[in-house]
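Fold and geometry: a report
One letter stands for each residue in the lines below.
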Amino acid sequence: MKIGIIGTGYVGLVHGAVLSSYGFAVTCMDVDAEKIGRLSEGRSPLYEPGLDELLTGGIDAGTLSFTTSAEEAIQSSDVIFIAVGTPSREDGSADLSYVREATRQIGLYANGYKVVVCKSTMPVGTCRSIAGELNRSLEARHASFRIDVASNPEFLRQGKAVSDSLFPLRVVIGTESDEAKRMLQTIYEGHIRRKVPFLYTNPETAEMIKYASNAFLAVKISFVNELALLSEKVGANIEDIAFGMGLDDRISPHFLQAGPGYGGSCFPKDTQALVDVSRKHGEELYIVRAAIAANEKQKARMVAKISGALSPGGMLHGKTIAVWGLSFKPETDDIRNAPSYDIIDGLLAKGAAVNAYCPQGMKQAKRLWTDINGGINYCESEADSARNADAIVIVTEWEQFRACGWERIAASMRGGFLFDLRNMFAEQAGVRRLFDYYAVGSNEPA
Ligand code: NAD
């Protein structure tokens, strides 16, 4: 069975590389010629642990190839995964123009029976509308074959994308076609053998499972973040609260870490798209809406916390702040909708100078944050950013921050504030005692 992937980003590239490692012939297609050029030379355009090895392995074995030609990718494949972006429009709805274009090309170039698999996160109803559009294209071409469609949403986490793809917690397949189901079962044979739970359902349910999962996680984060704000005021400790809650297996300890608010390319857009779809169907999702609003509040409260501590009036003219961690989470270079953006923007608006450092996110920030880049001084290391600074703000919990030479860093600073927005050092008196230490969700002294 030959596999085509349309859209070679975080999802498409990782999925394609993993499937090629199972021995399938995989053609990854993207409209971004620079990306495809790099990939053809075995160089990854994005950072994801374990991906480089898979890429080299697939290219060397001859199972993984890259192209900018939709015609080539479609015609050479039996199963085509659509993995293009579905970003937010201004009004919060999902922008399906990339999905529509990929569908148009499949309808135009398909040269025999194909299974089209919707891997992108698509609002409920999209998969069925893709099937309708493809049927109309084939009819217009008087084609003698059909195309079947399935929804197979992706649940990988950036930073762990390769291992999540190799060892998923579940596989959801939404289709009414037995042939599509059979072909997907062949592709995921290894998961079936390892007894990964498979859920077979209709496309609408599969699409909703993806949105419901992301929205639920966003709700969990916003819930704990709001409690963190309250905890600071009442003398409670959110880490202990979360631990105490998580001991109840109906709640689970996961996604109860207080922080600066969620970000990334999925939670913000998917919660908004779900709210948008619900409105179009005459339903209000009050809980999801509240999670979105609480998340915006959280980011603003982080700026207020920093500025309030550094200056009685809250203005930061003459202050230099080192911001560590730009990517929306550790082990990724992705800065899309990262809380670091809003926090830096807020600090700049209050007159601060910002020294930024991130192990992987700076390249993308320099390229994409054109509106605030004028105010950001990008630095080579933690130490470089902290020199003569008044404060350090940890926005993303990169593991390397734990052993960055804290004594030396504290000694090189002009001021002595550490705002640990991920509570990385909440339990580490050795680091806390070097600073005026501020965690999220507790005010306990070092
Ligand atoms: P991405 O932006 O990294 O990649 C999308 C790619 O599609 C880009 O390289 C773009 O050039 C390409 N593209 C756009 N139009 C195209 C076309 N007509 N033909 C070929 N290529 C085209 O996006 P991503 O993060 O990989 O996300 C893809 C989808 O998967 C989204 O719907 C997202 O919500 C979903 N998803 C993402 C994650 C994640 O962690 N990133 C996890 C689960 C699901």
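Just so you know, these numbers come straight off a predicted model, no measurement behind them. Counting from 1, residues in each chain are numbered in the order their sequence is written. Totals for whole chains, interfaces and linings use every residue, but because this is a predicted model, local features are given only for residues with pLDDT of at least 70 and side-chain atom pairs only at 80 or more, for both listing and counting.

1. Section: the overall build of the protein chain
On a plain count of helices and strands, the protein chain comes out with 18 helices and 14 strands. Only the C-alpha atoms count toward the radius of gyration. The rule for a globule is 2.2 Å times the residue count to the power 0.38. The C-alpha atoms of the protein chain give 24 Å as radius of gyration, which agrees with the globular expectation for 446 residues (22 Å, within 12%). If you line up the protein chain on its principal axes, its C-alpha atoms span 75 × 50 × 40 Å. Burial is judged by counting other C-beta atoms within 10 Å of a residue's own C-beta: 20 or more means buried, 12 or fewer means exposed, and anything between counts as partly exposed, with every C-beta placed from the backbone. Counting every position in the protein chain, which comprises 446 residues, the buried fraction comes to 49%. Any two residues are considered in contact once their C-beta atoms, placed from the backbone, lie within 7 Å. Partitioning the contacts of the protein chain with sequence separation of at least 6, the portion at a separation of at least 24 is 73%. Helix numbering and strand numbering both begin at the N terminus, where a helix is a DSSP run of H or I of at least 4 residues and a strand a DSSP run of E of at least 2.

2. Some details on the confidence of the model for the protein chain
In the predicted model, the protein chain carries a mean pLDDT of 97, and the fraction of residues at 70 or more is 100%. Confidence metrics for the complex model read pTM 0.96 and ipTM 0.99. Looking at any residue, its pLDDT shows the predictor's confidence there, from 0 to 100.

3. Points about the sheet that holds strand β9 (residues 320–324)
Taken together, the six strands give an open sheet; going across it, the order is β11-β10-β9-β12-β13-β14, and neighbouring strands pair in parallel fashion. What marks the edges here is a single partner per strand, and that holds for β11 (376–378) and β14 (436–438). On average, each strand axis in the sheet is tilted by 20° relative to the strand beside it, whichever way the strands run. When DSSP locates at least two bridges between a pair of strands, those strands are taken to pair. What counts as an axis is a line fitted to C-alpha atoms, over the stretch in contact for a helix, and the angles between N-to-C directions run from 0 to 180 degrees.

4. Digging into the UniProt feature "binding site: substrate" (unreviewed entry) in the protein chain
UniProt positions are given in the numbering used here, feature names are shortened, and annotations may be inferred rather than shown by experiment. Mapped onto this numbering, the UniProt entry annotates "binding site: substrate" (unreviewed entry) at Lys 210, Phe 255, Leu 256, Gln 257, Ala 258, Gly 259, Gly 263 and Lys 329. A stretch of 120 residues holds the annotated residues, and the largest C-alpha distance among them is 23.6 Å, long enough that they do not meet in one place. A residue is classified by how many C-beta atoms lie within 10 Å of it, and Leu 256, with 21 of them, is buried. If sequence neighbours within four positions are ignored, Leu 256 has contacts with Lys 220, Val 224, Ala 242, Met 245 and Gly 246. With respect to the helices, strands and loops of the structure, Lys 329 is situated in the loop between β9 and α14 (339–349). For Lys 329, a count of 22 C-beta atoms within 10 Å gives the class buried. Setting aside anything within four residues of it in sequence, one finds Lys 329 in contact with Gln 158, Gly 159, Gly 264 and Thr 396.

5. Comments concerning the packing of helix α13 (residues 286–310) against α14
Between α13 and α14, whose axes approach to 9 Å, the crossing angle comes to 45°. One finds that α13 runs oblique with respect to α14. α14 is crossed by α13, and the crossing has right-handed handedness. Note on element contacts: α14 touches α13 through Pro 339, Asp 342, Ile 343, Gly 346 and Leu 347, opposite Lys 299, Ala 300, Met 302, Val 303 and Ile 306. Roughly parallel covers angles under 35 degrees, roughly antiparallel covers those over 145, roughly perpendicular covers 65 to 115, and oblique covers all other angles. By the definition used in this description, the sense in which the near helix is turned from the far one sets the handedness, with an anticlockwise turn below a right angle giving left-handed and a clockwise turn giving right-handed.

6. Notes on the UniProt feature "active site" (unreviewed entry) in the protein chain
As annotated in UniProt, the feature "active site" (unreviewed entry) corresponds to Cys 266 in the numbering used here. Residue position: Cys 266 is located in the loop between α11 (238–246) and α12 (267–280). Looking at Cys 266, the number of C-beta atoms within 10 Å reads 24, which means it is buried. Ignoring any residue separated from it by four or fewer positions in sequence, one finds Cys 266 in contact with Thr 121 and Asn 214.

7. Quick word on the site of the ligand
Placing a C-beta atom from the backbone of each residue, we mark the residue near a molecule or strand if the atom is within 6 Å of it. The ligand sits among 26 residues. The nearest are Gly 7, Gly 9, Val 11, Ser 120 and Thr 121. As a working rule, the residues Ala, Val, Leu, Ile, Met, Phe, Trp, Tyr, Cys and Pro are called nonpolar, Asp, Glu, Lys and Arg charged, and the rest polar, with Gly in that last group. Partitioned by chemical class, the residues of the shell around the ligand number 11 nonpolar, 10 polar and five charged.

8. Here we look at the environment of Ser 120
Positionally, Ser 120 belongs in the loop between β5 (114–118) and α6 (126–140). With 26 C-beta atoms packed within 10 Å, Ser 120 lands in the buried category. A sequence separation of 39 residues divides Ser 120 from Phe 81, and the C-alpha atoms of the two residues are 8.6 Å apart.

9. Comments concerning the domain arrangement of the protein chain
These domain limits were set by an automatic method or by a database of domain assignments. By the assigned domains, the protein chain splits into domain 1 (2–201) and domain 2 (245–438). The centre of domain 1, based on its C-alpha atoms, is set 33 Å off from the matching centre of domain 2. Each partner contributes to the interface: domain 1 provides 16 residues, whereas domain 2 provides 16 residues. Tallied by class, the residues present in the side of domain 1 that touches domain 2 amount to eight nonpolar, six polar and two charged.

10. Thoughts on the nonpolar core
By our criterion, buried Ala, Val, Leu, Ile, Met, Phe, Trp, Tyr and Cys residues that link up through C-beta atoms within 7 Å make up a nonpolar core. Within the largest apolar cluster, 130 residues are counted, with the highest numbers of intra-cluster contacts made by Ile 6, Ile 82 and Val 393. The leading source of residues in this core is helix α10 (residues 203–234), at nine residues. For this core, the domains that each give at least three residues are domain 1 (2–201) and domain 2 (245–438). Excluding its chain neighbours within four sequence positions, the residues that come into contact with Ile 82 are Ile 6, Gly 7, Val 99, Ala 102, Val 116, Val 117, Cys 118, Lys 119 and Ser 120.

11. Brief notes about the packing of helix α5 (residues 97–109) against α6
Two numbers describe how α5 lies on α6: the axes approach to 9 Å, and their chain directions differ by 35°. For the crossing formed where α5 meets α6, the hand is right-handed. For the pair formed by α5 and α6, the contact residues are Val 99, Thr 103, Ile 106, Gly 107 and Leu 108 on the first element and Thr 126, Ile 130, Glu 133, Leu 134, Ser 137 and Leu 138 on the second.

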